[in-house]
Amino acid sequence: MADTTKTIEIEVLRYRPEQDKEPFFQTYTVPFEDDWSVLQGLQYIKDDLDGTLSFRWSCRMAICGSCGMMIDGKPRLACRTFLRHYHPNKLRVGPLEHFPIERDLVVVVEDFIRKLESIKPYIIPKEPRKLEQGEYLQTPAQLEQFRQFSGCINCMLCYAACPQYGLDSKFTGPGVLALMHRYNADSRDGGRGERMALGHSEEGFWGCTAVTYCSEVCPKDVDPANAINQNKMGSAIDYFLRFVAPRGAGK
Amino acid sequence: MTRSNAPLVWSLFGAGGVLAALVGPALVFVTGIAVPAGILMSHDLMSYQRMFGFAQSWAGKIIILAVIVLFLWHAALRIFHMLHDFGIHPGVASKLICFGLPFLCTVAAFYWVLPI
Amino acid sequence: MSAQMDKRRPYVRSMNSWWKRDPFFVRYMVMEATSVLVALYAVILLVGLLRLSQGEAAFNGWLGALESGPSILLHVLILVVFLYHLWSWFKVMPKTLPMIFVNGKKLPADTITYTGVLLAVVVNLIVLIILV
C-alpha cells in the first residue's frame, strides 16, 4: 500500500500574527488519492501533520463559498480543485489576494460583508401584496434577466481576481455589484432607486475598468463583469438625461 | 455617494473605441504606409490640394475632427486607468495630463480645421 | 479594544507588479497599452492638420516626414496595435452589452465577438475600397 501511494508537495503560505512578522511558505508532503481535492490535502495536513494550520471550509461541494484561496496563483475553490491536476509538480496555496491576511489561509472579510449588506441584497417589493392577492408572477424572459446573477455564493474569488479592488478597496467590487444588478434586474423589485446612488458612483459601476478576470474565475458562471458593465451605458444615459429631463425620467 | 463624472469621458472613450476598430486599421494603412510608401495607392491621394479641398467641406471637417478628437479621448481614459494600474492614483496631476492635454488638442483641432 | 482584538494583526500584501501575476492581467495591460499608440496616431494626424492649415509648403513637409523609413516602420507598428485593438474591443464587447436573447436563448459571447470583428473588417475594407 505504502509503495503505491502517490505524494505531492504542497507549499502553504503561513502567517501567524502573534509570532510572524510577515507570511512565509511552508512545505508539506502529502500522500493523496486521485479523487482528493486540494481541500482534502489541507485537511490531511491539519489532521496528521500540523494542527496549527488555519483555513476556512464547510460544505466540500462548491456551494458554501468558504474555501476560496489562491491555488498556484489562481483564485479557486479548494474543494473543486484536484491534487491530481498538479501532480507530479508541487503546488502553492495562499490566502485570497487583495484581502488582508487574518491568519494562514484565512482572510479578513469584514469589508466584503459590509458592502454586501449596503446594497440591500433582497427584493424590495415594487407593490406590496396581501396574501390573498397571490404570488408575484414572472415570465421566463423576466427570470432570465437576473437568473444568472443570482448564482453567487459569496466566495469572493472575483475579488481576488479584481485588481481594481486590490488597488483601492473603496471600490465595491465584482460580486456585490453583480448582486446589486441581480436585484435591480428583477421585475418584482422596486429598490433600484435606493441602490443606484452607489451604482452611479466611482465606488460603484464606474470603478470597474473591464479587466473581466472576475467572470473568468467565478465558479458559478455569474459573470460579474457583464453585470457591472452593462450598467455603464444606462448610468451614462441617466447622467446626461438629468440635464434635459426632470429627475426620475431616466432609469 | 458622489455621482461619478466618468460618463463624460467614458462616452467619448466608447465612441473613439468603436471608431478606432471600424476605420482605424484602414486609415493607418492608407495615411502611414500605403500612400507614403507608394504601395497600392498613389502619392496624389494625400496631395495638398486634395486634402485642403477635403478639409474645406463640412463632411471633411466632421470626419477629421471625429477621428482626431475621438481617438484622443479614447486613449485618454485608458492612459488614465493605466497610470492608476501602475500605482499613480487619480489626482490633480494625472487628470491634468490625461484630460487636460486631450482637451487642449481638441480645442486646437477645431481652431485649425474650422477656418480652412 | 478587547485582548482578542489586540492579537489581530491583519497583513496587507503589496500590489506592486500585480499585473505580472497572471497572463490574463498581462493581456489586459497590453489592451490598455494600445491606447498609447492610438494617441500617438491622433497626434500625428493633428500635426498634419496644423501643417495643412499653414499652407502647401508646410503640409508637404509633413508628407515628406511620413515618407521616411522610420515613420513607415512606426506606422506598421501602429497598424498592428490597431488590429489588436479591433480584436480586443470586440473580445470585451460581450461583457459591456446588455444580454441579448434570441428565441429565448442568450446570445453566446463568441457570436457577439465574431459578429463585431466581421463588421469591423467589412467597414475597414469599405474604407480602403473608397480610398483606392
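Before reading further, recall that the structure is shown in the block above.
What counts and what doesn't
- Along every chain, residues carry numbers that run from 1 in the direction the sequence is written.
- For naming, the first written chain is A and the first written ligand is 1, with later ones following in the order written.
- Only residues with pLDDT of at least 70 are given local features in this predicted model, and only at 80 or more are side-chain atom pairs given and counted; all residues enter the totals for whole chains, interfaces and linings.
- Hydrogen atoms and water are omitted, and side-chain values are computed over all heavy atoms in the structure.
- Note on exposure labels: buried denotes an accessible area under 20% of the residue type's maximum, exposed denotes more than 50%, and partly exposed covers the range between, all computed with a 1.4 Å probe on protein chains only.
- Under the DSSP-based scheme used, a helix requires at least four consecutive residues in state H or I and a strand at least two consecutive residues in state E, with every element numbered from the N terminus.
- Here a strand pair is declared whenever DSSP counts at least two bridges between the two strands.
- The definition of a nonpolar core used throughout is a set of buried Ala, Val, Leu, Ile, Met, Phe, Trp, Tyr and Cys residues joined through side-chain atoms within 4.5 Å.
- Should any heavy atoms of two residues lie within 4.5 Å, those residues are considered in contact.
- Summed over both partners, the accessible area (1.4 Å probe) lost when two parts come together is defined as the buried area.
- In the sections that follow, a salt bridge refers to a side-chain nitrogen of Lys or Arg positioned within 4 Å of a carboxyl oxygen of Asp or Glu.
- Counted as a polar contact is a pair of N or O atoms within 3.5 Å, where, for protein atoms, one must be capable of donating a hydrogen and the other of accepting one, and residues adjacent in sequence contribute only when both atoms are in side chains.
- Working convention: axes come from line fits to C-alpha atoms, limited for helices to the stretch in contact. Angles between N-to-C directions cover 0 to 180 degrees.
- Ten residues, namely Ala, Val, Leu, Ile, Met, Phe, Trp, Tyr, Cys and Pro, are considered nonpolar, four, namely Asp, Glu, Lys and Arg, are considered charged, and the remaining ones, Gly among them, are considered polar.
- Put simply, angles under 35 degrees are roughly parallel, angles over 145 are roughly antiparallel, angles from 65 to 115 are roughly perpendicular, and the rest are oblique.
- By definition, any crossing whose near helix is turned counterclockwise from its far helix by less than a right angle is left-handed, and any crossing with a clockwise turn is right-handed.
- Two cysteine sulfur atoms make up a disulfide if the distance between them is within 2.5 Å.
- For a helix, the expected span equals 1.5 Å multiplied by the number of residues minus one.
- Directions are taken from the helix axis to each C-beta atom, and the arc is the one they span.

(A) Fine view of the pairing of strand β4 (residues 74–77) of chain A. Residues and elements named next belong to chain A. A one-sided burial pattern is seen for β4, the buried positions being Pro 75 and Leu 77 and the unburied ones Lys 74 and Arg 76. Direction of pairing for strand β3 (residues 68–71) relative to β4: antiparallel, over a ladder of four bridges. Paired with Met 70 across the two strands is Pro 75, which belongs to β4. A loop of two residues connects β3 with β4, the two strands running antiparallel in sequence, and Asp 72 in this loop sits at a positive phi of about 50 degrees.

(B) Expanded view of the pairing of strand β5 (residues 91–94) of chain A. Residues and elements named next belong to chain A. Both strand β1 (residues 6–14) and β5 contribute to a ladder of three bridges, which runs parallel. Paired with Ile 10 across the two strands is Leu 91, which belongs to β5. Relative to β5, β3 runs antiparallel, the two sharing two bridges. Bridge assignment links Ile 71 to a residue of β5, and that residue is Val 93.

(C) How the structure looks around the nonpolar core. The biggest cluster of nonpolar side chains holds 70 residues, and the ones touching the most others in it are Ile10(A), Leu42(A) and Leu91(A). In terms of nonpolar packing, the next biggest core, distinct from the first, is built from 65 residues, Trp206(A), Ala109(B), Val113(B) and Leu86(C) among them.

(D) The arrangement of the interface of chain B and chain A in detail. Taken together, the 14 residues of chain B in the interface contact 19 residues of chain A. Considering only the surface of chain B that becomes buried against chain A, Met1(B), Arg3(B) and Trp10(B) emerge as the three largest contributors, covering 45% of it. Run the count over chain B and chain A and you get one salt bridge. A salt bridge links Asp238(A) to Arg3(B); the shortest N-O distance between them is 2.8 Å. Connecting chain B to chain A are seven residue pairs in polar contact (both at pLDDT 80 or more). Contributing elements (two or more residues each) for the side of chain B that touches chain A: α1 (6–22) and α4 (58–85) of chain B. Of the residues forming the side of chain B that touches chain A, the biggest block, five residues, is contributed by α1(B).

(E) Looking closely at the sheet that holds β4(A). Residues and elements named next belong to chain A. With respect to topology, five strands assemble into an open sheet ordered β2-β1-β5-β3-β4, the strand pairing being mixed. For this open sheet the edge positions go to β2 (24–32) and β4, each flanked by a neighbour on one side alone. Averaged over all adjacent pairs, the angle separating strand axes in this sheet is 35 degrees, with direction ignored.

(F) Layout of the interface of chain C and chain B. Counting from both sides, the interface comprises 48 residues of chain C and, opposite them, 48 residues of chain B. Both faces combined, the contact of chain C with chain B buries some 4,300 Å², and carbon together with sulfur accounts for 78% of it. A per-residue breakdown of the area chain C buries against chain B is headed by Leu46(C), Leu49(C) and Trp89(C), which together make up 15% of the total. Viewed at the interface, chain B and chain C are joined by one salt bridge. Across the pair Glu32(C) and Arg78(B) runs a salt bridge, and its minimum N-O distance is 3.1 Å. Applying the counting criterion to the chain C and chain B interface returns eleven residue pairs in polar contact (both at pLDDT 80 or more). When residues of the side of chain C that touches chain B are traced back to their parent elements, those giving at least two are α2 (23–53), α3 (56–67), α4 (69–96) and α5 (109–131) of chain C. The biggest single contributor to the side of chain C that touches chain B is α2(C), with 19 residues. Residues of the side of chain C that touches chain B, tallied by class, amount to 37 nonpolar, eight polar and three charged.

(G) The environment of Ala37(B), seen in detail. With respect to the secondary-structure elements, Ala37(B) resides in helix α2 (residues 24–37). With relative accessibility at 36%, the residue Ala37(B) sits in the partly exposed group. Counting along the chain gives 66 residues from Ala37(B) to Phe103(B), while the straight-line C-alpha distance between them is 33 Å. Once residues within four sequence positions are removed from consideration, Ala37(B) is found in contact with His43(B) and Ile72(C).

(H) Quick peek at the packing of α2(C) against α4(C). Residues and elements named next belong to chain C. Following both chains from N to C, one finds α2 and α4 inclined at 130 degrees, their axes separated by 9 Å at the closest point. In terms of orientation, α2 and α4 fall into the oblique class. The interaxial crossing formed by α2 with α4 has left-handed handedness. In this structure, α2 contributes Arg 27, Val 30, Met 31, Thr 34, Leu 37, Val 38, Leu 40, Tyr 41 and Ile 44 to the contact, and α4 contributes Leu 74, His 75, Leu 77, Ile 78, Val 81, Phe 82, Tyr 84, His 85, Ser 88 and Val 92. Class assignment for the residues of the contact of α2 with α4 results in 14 nonpolar, four polar and one charged.

(I) Geometry of the state of the cysteines. Residues and elements named next belong to chain A. By the definition in use, this model includes zero disulfides over all chains. No disulfide involves Cys 214; its sulfur sits 6.4 Å from the nearest other cysteine sulfur, which is in Cys 158. Overall, Cys 214 belongs to the buried group, its relative accessible area being 9%. Here Cys 218 is not disulfide-linked; the sulfur of Cys 155 is the nearest cysteine sulfur, at 6.3 Å. The exposure class of Cys 218 is buried, given its relative accessible area of 14%.

(J) The arrangement of α2(C) in detail. Residue and element names in this part refer to chain C. Compared with the 45 Å implied by 1.5 Å per residue over 31 residues, the 46 Å span of α2 between its first and last C-alpha is a close match. The backbone nitrogen of Phe 24 has a side-chain oxygen 2.9 Å away, supplied by the residue at the start of α2, namely Asp 22. Gly 55 sits one or two positions beyond α2 and adopts a positive phi of about 115 degrees.

(K) Spatial organisation of the side chain of Glu97(A). One can find Glu97(A) in the loop between β5 and β6 (101–103). Take Glu97(A): its relative accessible area is 15%, and that puts it in the buried class. Ignoring sequence-local partners within four residues, the contact set of Glu97(A) consists of Met70(A), Tyr159(A), Ala160(A), Arg13(C) and Arg21(C).

(L) Region of interest: helix α2 (residues 110–118) of chain A. All names here are of chain A. All of the buried residues in α2 are Phe 112, Lys 115 and Leu 116. Projected down its long axis, α2 shows its buried positions confined to an angular sector of 105 degrees, all on one face. Buried residues in α2 make contact with α4 (157–160), α5 (163–167) and α6 (174–184). Remark: Lys 120 follows α2 within two positions and exhibits a positive phi of approximately 50 degrees.

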